[in-house]
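Residues per chain, in single letters:
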Amino acid sequence: MVDEKELRDVVKKTISRDDVKYVVGYEKGTYGFQATPCFAYKPEDAEKFIFSPLCVHNLTVFPMLEEKPPLRKGEEPDTRKIGVVVKGCDSRAIVQILQEKGLERDKVVIIGIPCSGVIDPKKIEAKFPGHIKKVEVNDEDDKFAVTVDGKTQKIPKDELMPEKCKTCEYPNPVLYDILIGKEIKSKKKEDYKKVNAFEKKSMKEKWDYWEKQFEKCIRCYACRNACPLCYCKECMVDQLNPQWVRRSVNLSENTAWNLLRAFHLAGRCIGCEQCERACPMGIPLMKLNKKIEKEIKEMFEYEAGISAEEKPLLAMFKPDDPEEFIL
Amino acid sequence: MKEKFEPNIIGFLCNWCSYAGADLAGTSRIQYPPNLKAIRVMCSGRVNPIFVINALQQGADGVLIGGCHPGDCHYERGNYLARRRMAVLKKLLEHTGIDPNRVRMTWVSAAEGNKFAEVVKEVTEDIRKLGPMQHFKRENKW
Ligand code: SF4
Ligand code: SF4
Ligand code: SF4
């Protein structure tokens with residue numbers, strides 16, 4: 001359990017600094033099971049900050065959303081930092097962005113929280129359908145204590161956790177300025193069970209599966225917007241000249257979009273599962289991301305979001321990279 | 001009568017090696033299948049996977065990327081970078097049920113007219129076996 005008082009104190013202290021613009025963290029949601037992102041611009045705002053297994057968002061998207069409007073004459077650029085509350089997986093997104101030089105290290109204050117697993121909003125909504133009020137969830141070792149309308153139920157974590165938490169290798173932030181509480185130990189290991197099982201299918205079975213999935217896509221780009229690593233100024237699907245991917249919603253363009261999105265995250269995706277969480281059509285985007293993650297681990301011994309000093313995967317090479325496919 | 005399937009293959013050939021290799025095959029009058037439509041790029045490292053996906057959308061049954069042999073790249077590292085990219089792309093295609101053999105890569109130097117012809121033959125035959133690419137062809141209905 002995270003000491004929320006400690007968190008609030010840290011947020012208060014951080015926002016009181018002159019060189020911090022705002023701190024982004026979590027507050028209680030207005031209804032249902034989700035906590036929402038919230039912002040502290042002044043020390044009083046820190047009071048609403050919470051941390052619970054309902055804090056699913058990856059808040060590292062926010063520093064990337066900062067607008068930099070053109071300056072008026074004599075105006076100084078705003079060089080203040082942004083404070084971000086991060087869990088283990090979230091922190092890897094910052095590391096990856098730093099590696100790509102999308103952000104400078106001194107532009108963020110990272111408030112790290114060792115995390116023992118969050119709740120998958122879709123799973124808990126399925127368990128308590130239509131529920132909208134007064135929900136509390138606490139972390140109790142291998143169970144979540146879910147309090148709905150004053151009644152508490154203990155539910156095994158595995159039933160409610162998203163896939164990423166079940167195999168989380170980095171529960172502690174890999175990079176932080178301030179750590180709330182103590183680091184936790186975890187023996188979880190990513191074994192790519194699901195990827196391996198899917199690989200066994202035949203080509204036809206695989207395409208039949210994905211055809212159905214890609215057909216569902218409505219091209220809302222929620223997956224892109226929720227992803228901390230999708231911060232291109234102009235996304236390739238928005239480009240008009242040349243227009244590689246058309247805007248029409250059909251199997252052809254949807255497939256191109258989904259394949260290219262997955263490819264653009266190759267060696268960059270840190271597996272925070274925000275894309276899949278955000279997708280309104282329930283397309284299993286992590287199945288693509290995880291496959292790539294597994295392959296690059298095998299082929300290039302590379303893992304995204306671990307070291308900010310390493311070079312980006314696709315911007316470097318080794319002379320002896322695999323090339324058995326080359327004629 | 002059903003027409004025999006003739007694969008439509010797009011070749012992205014690098015200016016310095018593979019394209020020159022293709023040229024040599026031509027000037028040496030070496031026969032190779034006419035299924036390959038060559039597009040000259042300055043370097044195999046220029047080939048963005050978006051080109052490959054786009055080609056497959058627009059009716060290509062296969063794509064061949066040709067670059068210089070490792071170490072010979074005119075820009076020193078372009079072909080190495082392309083190799084990594086295509087390795088990942090092929091794995092992704094395979095996972096979605098699109099035969100990765102539709103996307104091929106080769107090293108052909110400017111002196112290897114023969115090799116170029118052999119590669120085009122092999123790729124054409126392989127893709128002929130795979131049949132037309134129908135997974136996500138773009139429909140041009142206006
Ligand atoms: S692609 Fe999905 S899992 Fe990967 S970093 Fe982006 S949001 Fe997270
Ligand atoms: S999908 Fe690609 S181009 Fe679009 S924002 Fe993501 S990384 Fe950038
Ligand atoms: S969030 Fe889902 S439906 Fe929307 S564009 Fe992404 S994959 Fe398609």
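Cut-offs and rules
- Residues numbered from 1 in each chain as written.
- Chains lettered and ligands numbered in written order.
- Predicted model: local features only at pLDDT ≥ 70, side-chain atom pairs only at ≥ 80, totals over all residues.
- Heavy atoms only, no water.
- Helix = DSSP H or I, 4+ residues; strand = E, 2+ residues; numbered from the N terminus.
- Rg over C-alpha atoms; globule rule 2.2 N^0.38 Å.
- Buried < 20%, exposed > 50% of the residue type's maximum accessible area, 1.4 Å probe, protein only.
- Contact = heavy atoms within 4.5 Å.
- Areas by Shrake-Rupley, 256 points an atom, 1.4 Å probe, with all protein chains shown as cover.
- Lys, Arg positive; Asp, Glu negative; His and termini not counted.
- Charge placed at Lys NZ, Arg CZ, Asp CG, Glu CD.
- Domains from an automatic or database assignment.
- Salt bridge = Lys/Arg side-chain N within 4 Å of Asp/Glu carboxyl O.
- Polar contact = N/O pair within 3.5 Å; in protein donor to acceptor, adjacent residues only side chain to side chain.
- Near = heavy atom within 4 Å.
- Nonpolar A, V, L, I, M, F, W, Y, C, P; charged D, E, K, R; others polar.
- Core = buried A, V, L, I, M, F, W, Y, C linked by side-chain atoms within 4.5 Å.
- Buried area = accessible area lost by both parts, 1.4 Å probe.
- Expected span 1.5 Å × (residues − 1).
- Pairing = 2+ DSSP bridges.
- Axes fitted to C-alpha atoms, helices over the stretch in contact; angles between N-to-C directions.

**A few points about the overall build of chain A**
Working step 1: In terms of helices and strands, chain A carries 12 helices and 8 strands.
Working step 2: Its C-alpha radius of gyration of 21 Å places chain A within 12% of the 20 Å reference for a compact globule of 327 residues.
Working step 3: By its C-alpha atoms, chain A is 65 × 60 × 40 Å across when sized along the principal axes.
Working step 4: Taken over 327 residues, chain A has a buried fraction of 50%.
Working step 5: Across chain A, contacts joining residues at least 24 apart in sequence account for 69% of those joining residues at least 6 apart.
Working step 6: For chain A, the accessible surface area stands at approximately 16300 Å², while carbon and sulfur atoms represent 52% of it.
Working step 7: For chain A, the centre of its 58 positive side-chain charges and the centre of its 56 negative side-chain charges are spaced 3 Å apart.

**Some thoughts on the domain arrangement of chain A**
All names here are of chain A.
Working step 1: Domain boundaries assigned for chain A yield domain 1 (4-68 + 77-179) and domain 2 (193-315).
Working step 2: If you average the C-alpha positions of domain 1 and of domain 2, the two centres end up 24 Å apart.
Working step 3: If you look at the interface, domain 1 gives 25 residues, while domain 2 gives 27 residues.
Working step 4: A salt bridge links Arg92 to Glu303; the shortest N-O distance between them is 3.8 Å.
Working step 5: Inspection of the domain 1/domain 2 interface yields 15 residue pairs in polar contact (both at pLDDT 80 or more).
Working step 6: Elements with a contribution of two residues or more to the side of domain 1 that touches domain 2: α2 (61-65), α3 (88-99), α4 (121-127) and α6 (163-166).
Working step 7: The leading source of residues in the side of domain 1 that touches domain 2 is α3, at 8 residues.

**Some remarks on the site of ligand 1**
Residues and elements named next belong to chain A.
Working step 1: Of all residues adjacent to ligand 1, which total 14 residues, the nearest are Cys227, Cys269, Cys272, Glu273 and Cys275.
Working step 2: Those elements giving two or more residues to the shell around ligand 1 turn out to be α11 (274-278) and α12 (285-300).
Working step 3: Classifying every residue of the shell around ligand 1 gives 9 nonpolar, 3 polar and 2 charged.

**Quick look at the nonpolar core**
Working step 1: Of all hydrophobic cores here, the largest spans 121 residues; its most connected members are Leu7, Val146 and Trp257 of chain A together with Ile65 and Met86 of chain B.
Working step 2: Mapped onto the domain boundaries, this core takes at least three residues apiece from domain 1 (4-68 + 77-179) and domain 2 (193-315) of chain A.
Working step 3: Other than its neighbours up to four places away in sequence, Met86 of chain B contacts Phe325 of chain A together with Val47, Val52, Ile65, Val103 and Met105 of chain B.

**With respect to the site of ligand 2**
Working step 1: By nearness alone, every residue bordering ligand 2 is listed as Arg224, Cys230, Cys232, Cys235, Met236, Trp257, His264 and Arg268 of chain A.
Working step 2: Taken together, the residues of the shell around ligand 2 break down into 5 nonpolar, 1 polar and 2 charged.

**What to know about the interface of chain B and chain A**
Working step 1: Tallying the contact residues gives 42 residues for chain B and 44 residues for chain A.
Working step 2: When chain B packs against chain A, close to 4000 Å² is buried across both sides, 68% of that on carbon and sulfur atoms.
Working step 3: Our enumeration of links across chain B and chain A arrives at 4 salt bridges.
Working step 4: Glu323 of chain A serves as the salt-bridge partner of Arg83 of chain B, at 3.0 Å between the closest nitrogen and oxygen.
Working step 5: Summed over the shared surface of chain B and chain A, the result is 21 residue pairs in polar contact (both at pLDDT 80 or more).
Working step 6: Counting residues per element, the ones that place at least two in the side of chain B that touches chain A are α2 (49-57), α3 (78-95), β4 (103-107) and α4 (113-130) of chain B.
Working step 7: With 15 residues, the top contributor of residues to the side of chain B that touches chain A is α3 of chain B.
Working step 8: The residue makeup of the side of chain B that touches chain A, split by class, is 21 nonpolar, 8 polar and 13 charged.

**Section: helix α1 (residues 4-16) of chain A**
A turn of α-helix holds 3.6 residues, and therefore any two residues three or four places apart point the same way.
Residue and element names in this part refer to chain A.
Working step 1: Across its 13 residues, α1 extends 18 Å between first and last C-alpha, which sits within 8% of the 18 Å expected from 1.5 Å per residue.
Working step 2: Elements in contact with the buried residues of α1: β1 (20-27), β2 (36-40), β3 (81-86), β4 (108-112) and β8 (178-179).
Working step 3: Sitting at the head of α1, Asp3 places a side-chain oxygen 3.0 Å from the backbone nitrogen of Lys5.

**Comments concerning the sheet that holds strand β1 (residues 9-14) of chain B**
Residues and elements named next belong to chain B.
Working step 1: Reading across the sheet, the 4 strands line up as β2-β1-β3-β4 and stay open at both edges, with parallel pairing between neighbours. Edge positions in the open sheet fall to β2 (36-41) and β4, since each of these has one partner strand only. Across the sheet, the mean angle from the axis of one strand to that of its neighbour is 20 degrees, orientation sign disregarded.
Working step 2: Relative to β4, strand β3 (residues 62-67) is paired through 5 bridges, and the arrangement is parallel. Bridging across to β4, Gly67 finds its partner in Trp107.
Working step 3: With respect to the sheet, α3 is in contact with β3 and β4, its orientation differing from that of β4 by roughly 155 degrees.
Working step 4: Here α4 sits on the sheet in contact with β1, β2, β3 and β4, set at roughly 165 degrees to β4.

**Concerning α12 of chain A**
All names here are of chain A.
Working step 1: If you check α12, its first and last C-alpha atoms are 22 Å apart, about what 16 residues at 1.5 Å a residue would give, namely 22 Å.
Working step 2: In terms of residue burial, α12 counts as a mostly covered element, since 13 of its 16 residues are buried.
Working step 3: Backbone geometry just after α12 places Glu301 at a positive phi near 50 degrees.

**Digging into the environment of Leu327 of chain A**
Working step 1: Within the secondary structure, Leu327 of chain A is located in the segment after α12.
Working step 2: C-alpha separation for the pair Leu327 of chain A and Val84 of chain A, spaced 243 residues apart in sequence, amounts to 48 Å.
Working step 3: Look past the residues within four positions of Leu327 of chain A in its chain and what remains in contact with it is Arg104, Met105, Thr106, Trp107, Lys115, Val119, Glu122 and Val123 of chain B.

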